[in-house]
Structures are given as C-alpha cells and as structure tokens.
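Here is what each chain is made of, one letter per residue.
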Amino acid sequence: MQKLKQLILLLLTISASGISFLTSLIIAKIYQPTEFGEFAYFFAIATILSGFLSLKIDTTALTHPKLIGCDKKSIGTITAVALPILIVFGSTNFILTFILAVSMAVFTSNAYSLIPRNKQTQIGAFKLTLAISIMIGQVAIQSLNLDINKLLLGATLANAAVSLLFTAVSKEDTPHKKISLLKEIHKIHENRIVISKNLTAWFIETTVSFIPVILITTKFSSHNAGLFAFSEKLFRAPTAIIISSIIPFAISKLITTPNILPIIKKYWLGSLGLTCPLLLTPLFAKPLILYVWGDKWSEAVQLCIILFPLFTIQTIISSTNFIFNKTNKLHLYAIIQLTHLAAISITLSYPDKLLNSVQLYAVTSTAFYLLIAALQLKLGKDHDKLHLNQDLLQAKRS
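Residues numbered from 1 in each chain as written. Predicted model: local features only at pLDDT ≥ 70, side-chain atom pairs only at ≥ 80, totals over all residues. Heavy atoms only, no water.

A. Summary view of the overall build of the chain. Along the backbone of the chain there are 16 helices and zero strands. Buried positions account for 45% of the 398 residues belonging to the chain. A separation of at least 24 residues holds for 82% of the contacts in the chain among residues at least 6 apart in sequence. Accessible surface for the chain amounts to roughly 20000 Å². Of this, 68% is attributable to carbon and sulfur atoms. (Helix = DSSP H or I, 4+ residues; strand = E, 2+ residues; numbered from the N terminus. Buried < 20%, exposed > 50% of the residue type's maximum accessible area, 1.4 Å probe, protein only. Contact = heavy atoms within 4.5 Å. Areas by Shrake-Rupley, 256 points an atom, 1.4 Å probe, with all protein chains shown as cover.)

B. Structural view of unusual backbone geometry. We note that Leu 55 has phi near 60 degrees; this positive angle belongs to a residue other than glycine. Among the secondary structure elements, Leu 55 is positioned in the loop between α2 (33–54) and α3 (57–60).

C. Fine view of the pattern of salt bridges. Inspection of the entire model under this criterion finds two salt bridges. With its nearest N and O atoms 3.5 Å apart, the salt bridge here joins Lys 56 to Asp 58. Overall, the relative accessible area of 8% leaves Lys 56 in the buried class. With a shortest N-O distance of 2.6 Å, Asp 382 and Lys 378 are connected by a salt bridge. With Asp 382 and Lys 378 both in helix α16 (residues 354–397) and four residues apart, this pair spans about one turn of that helix. (Salt bridge = Lys/Arg side-chain N within 4 Å of Asp/Glu carboxyl O.)

D. Expanded view of the packing of aromatic side chains. Applying the stated criterion across every chain, the model contains 13 aromatic pairs. Arranged with centres 6.4 Å apart and planes meeting at 75 degrees, the rings of Phe 36 and Phe 230 form a pair that is edge-to-face. In this pair, Phe 36 sits in helix α2 while Phe 230 sits in helix α10 (residues 222–256), placing the two residues 194 residues apart along the sequence. For Phe 230, a relative accessible area of 2% corresponds to the buried category. With a centroid separation of 5.9 Å and 65 degrees between ring planes, the pair formed by Phe 228 and Tyr 361 is classed as edge-to-face. Linking Phe 228 in helix α10 with Tyr 361 in helix α16, this pair joins segments that are 133 residues apart in sequence. Look at Phe 228 and you get buried, because its relative accessible area is 0%. (Phe/Tyr/Trp six-rings, centres within 6.5 Å; stacked < 30°, edge-to-face > 60°.)

E. Examining helix α8 (residues 181–190) more closely. Within α8 the residues assigned to the buried category are Glu 184, Lys 187 and Ile 188. Seen along its axis, α8 keeps its buried residues to an arc of 100 degrees; they face one direction. Projecting away from the buried face of α8 at angles above 90 degrees are the exposed residues Leu 182, Lys 183 and Glu 190. In the core, the buried residues of α8 are packed alongside α3, α4 (70–89) and α9 (192–219). (Arc of directions from axis to C-beta.)

F. Representation of helix α13 (residues 300–318). For α13, built from 19 residues, the straight-helix expectation of 27 Å at 1.5 Å per residue is met to within 8% by its first-to-last C-alpha distance of 25 Å. Leu 307 marks the point of greatest bend in α13, at about 40 degrees, and the proline Pro 309 comes within the next four residues. (Expected span 1.5 Å × (residues − 1). Bend = angle between axes of the 7 residues up to and from the residue.)

G. Expanded view of the packing of α2 against α4. One can describe the packing of α2 onto α4 by two numbers: an axis separation of 7 Å at closest approach and a directional angle of 115 degrees. When the axis of α2 is compared with that of α4, the two are roughly perpendicular. Of the residues in α4, those touching α2 at Phe 52, Leu 53 and Ser 54 are Asp 71, Ser 74, Ile 75 and Ile 78. Of the residues contributing to the contact of α2 with α4, the split by class is four nonpolar, two polar and one charged. (Axes fitted to C-alpha atoms, helices over the stretch in contact; angles between N-to-C directions. Parallel < 35°, antiparallel > 145°, perpendicular 65-115°, else oblique. Nonpolar A, V, L, I, M, F, W, Y, C, P; charged D, E, K, R; others polar.)

H. Seen up close, the environment of Thr 77. With respect to the helices, strands and loops of the structure, Thr 77 is situated in helix α4. Of the residues examined, Thr 77 reaches a relative accessible area of 33% and is grouped as partly exposed. Sequence separation between Thr 77 and Ser 54 is 23 residues, and the spatial gap between their C-alpha atoms is 9.9 Å.

I. Up close: the side chain of Thr 79. Among the secondary structure elements, Thr 79 is positioned in helix α4. The exposure class of Thr 79 is buried, given its relative accessible area of 16%. With near-sequence residues (within four places) excluded, Thr 79 lies in contact with Pro 84, Phe 98 and Val 102.

J. Quick peek at the nonpolar core. With 76 residues, the main nonpolar core has Phe 230, Ile 289, Trp 297 and Leu 307 as its most contacted residues. Among the elements that take part in this core, α13 stands out by supplying 11 residues, more than any other. For Ile 289, the contacting residues outside a window of four places in its chain are Phe 230, Leu 234, Gly 294, Trp 297, Ala 300, Val 301 and Cys 304. (Core = buried A, V, L, I, M, F, W, Y, C linked by side-chain atoms within 4.5 Å.)

Shown next, in the form of structure tokens:
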C-alpha cells in the first residue's frame, strides 16, 4: 500500500512538472520576451521571500515536532505587518509578488504538514491542481487590457486560490490546542540555531537557482531576462521531471544500501541516459525555436546552446546529492554552494554583454557541479572503505 502511494505521488508530481513545462511553452507563444522576463524576475523574488516568511520551519518541524504550526504563525504574523505597508507604499507588481510569496509559503507549509500524516498523495494532487490552475490563469488573462504584469497576476490568483483550498482540506480532524503568539515566538527562539541552519542552507540552494534572472534583469533588461528565463525553462522543466522521478529512488537506495559508490555511478548513468536528448540541442535549437515560437525568441537560440551542457551535468549530479546527508557532510555542501553563489554573482555582474555573462556563468557553474561530483565520489569511496573495514573487524571478532 505504501509503495502504491509513493507511485501515485510520483506520477502526480511528474504530471505537475509536465504541465508547468507545457504552460511555459504556451505563454512563450502568446506573450513577449519582456513580459516573460518581468514575470521571471518577480517569481524569483517571491520564491526566495516565501522561505523567509515561514523561516523554513515547515521542513525543520519534520525532525523537531515541537515546532509544528510555528511556520503558519510566522507567515501570518509577517503578512499582517508587511502587507498593509506594501498596499500603502508599494507598486501593484510588488504587492502581487508579496501575495504570491505568501501563497507559496502557505502551500509548502500545508504540504509538509501532511507528510507525518502519511497523506503524500494529497500533496501530489494539489501540486497537479496548482499547475493546471496557473496554466488556465496565465492563458485566460492574456486578452485583458491591464497595466500590470498579467503573467504575475495569473500566477498569484491561482496560487492564492489553490493554497486557500489546500489549507481548508489539509486541516487536522483533531486540531492541536491553540497556543499564544508569544509562546510560539518563544519556541522559535529556543530552536533558533537549527532553524537558522536550515533556513540558511535553503536560502543558498534556492538563490543559486534564481539569482541569474535577478542579476540579468537589474544589469541588462527584462527583455534579456526573458530570453534567459525562456532558455532555462526549456531545460529546467524536462530535467525537473527527470530529477523528480529519480531522486526518491536514489535517496531510498542511498539510505538502505551499505555500499553507496556503485549506487552513485548507477544513477549517474541512468540520468545521463534520460538527458541524452539534450545533447542534440546545437542541432535542433534554432529550427525548433523559430518554428514553434517565432522570430521574437531567435536571440534565445545562442543562450540554449551555451546553457545545455550546464543543465545536463546539473541534472546528473543532482540525482545523488543526498550523499552529503548520508555522510553528515551537509555543511561542506553548503560552503560549496555559498562559494558558487558568490562566483555566479561576480560572473553575471562584470561582463558588458549578455552572451559573455551567460558564457562565464555556464563555465563557472559547470566547474562547481564537477567539483560536487568529485566530492560525491570521494565521500562514497571513503564511506564504503570504512564500512568494509568495520565488516572485516566484526568478522575477526566473531
């Protein structure tokens, strides 16, 4: 029964990723690169902000049950203080960005609250519902004559509606005793170190993914950010499907199997096999983009050719990142990614031309992922050697 639930969750997650990919293809057809870039910029800010709204207590509570519910109090308190200020002093796009961030934080909070209750299939169902709602909202709203970013409005309305519905459905049958805000703050303060570590690790990991769009928007233009975001979407969505289908099995194997180096190599080969079509990018990028999306996206062709090696390597290596958890070296991974983040910021800030910046970014990030790959192999080898020595010692004693 448990395996069936895991399979259903996997299918629903893959379906949601597939619909998100389809949405990107459709909106690229009916919207301009500038609108695409503006939305990518606001979405990046909302994603990063969503983690700070909840302080990522949603994930911390999985190992520290006393914190259950504190994430919702954090979201509610910060929203109650910040939203009125934004309504008075902020622009419409930034108000929508904040509401989107709140909705994303609430959705994630609900999802993690269902994991201990063994309701993973419900999480998958709402992920799929959200993906469909965003597609409908962004496509339907395109014909309206509005001065705000319509992609942002469509995504915000969809996220808000689905998050509210998710909150109503995911409520516990026997709710916890109500605790005052001061007591919740005290619990957060008591666990501030573990919360800070988890939030920092999440922030670094997330910012590494979203900082390119933010920097390209601020240094160049929304149009250029749109070209980059479009190129990234062509790879990110298919690779997200690959990663979401591989990682659960890879983690399970890494947890239960004594010798992990063969597992790493096995899943790297599997990921390479699934990403093989990306190797044809230099041949098919130009005719595909021009035929499907038209001349307005022609500048994205060169970006796709530059970026495809990076996303291929990233997909392969990411499937086995759990080895850093397995070997208690998560702090090492965080240090590498923090250095990676600093390097990305530098490479995208100095060159004067977009293509030069993206080339430098691709080379830099590829080098970091190759470093992570080398460390995974080293950690796997050391782990297996230690395990073998322990087995030999145990055999001698017996």
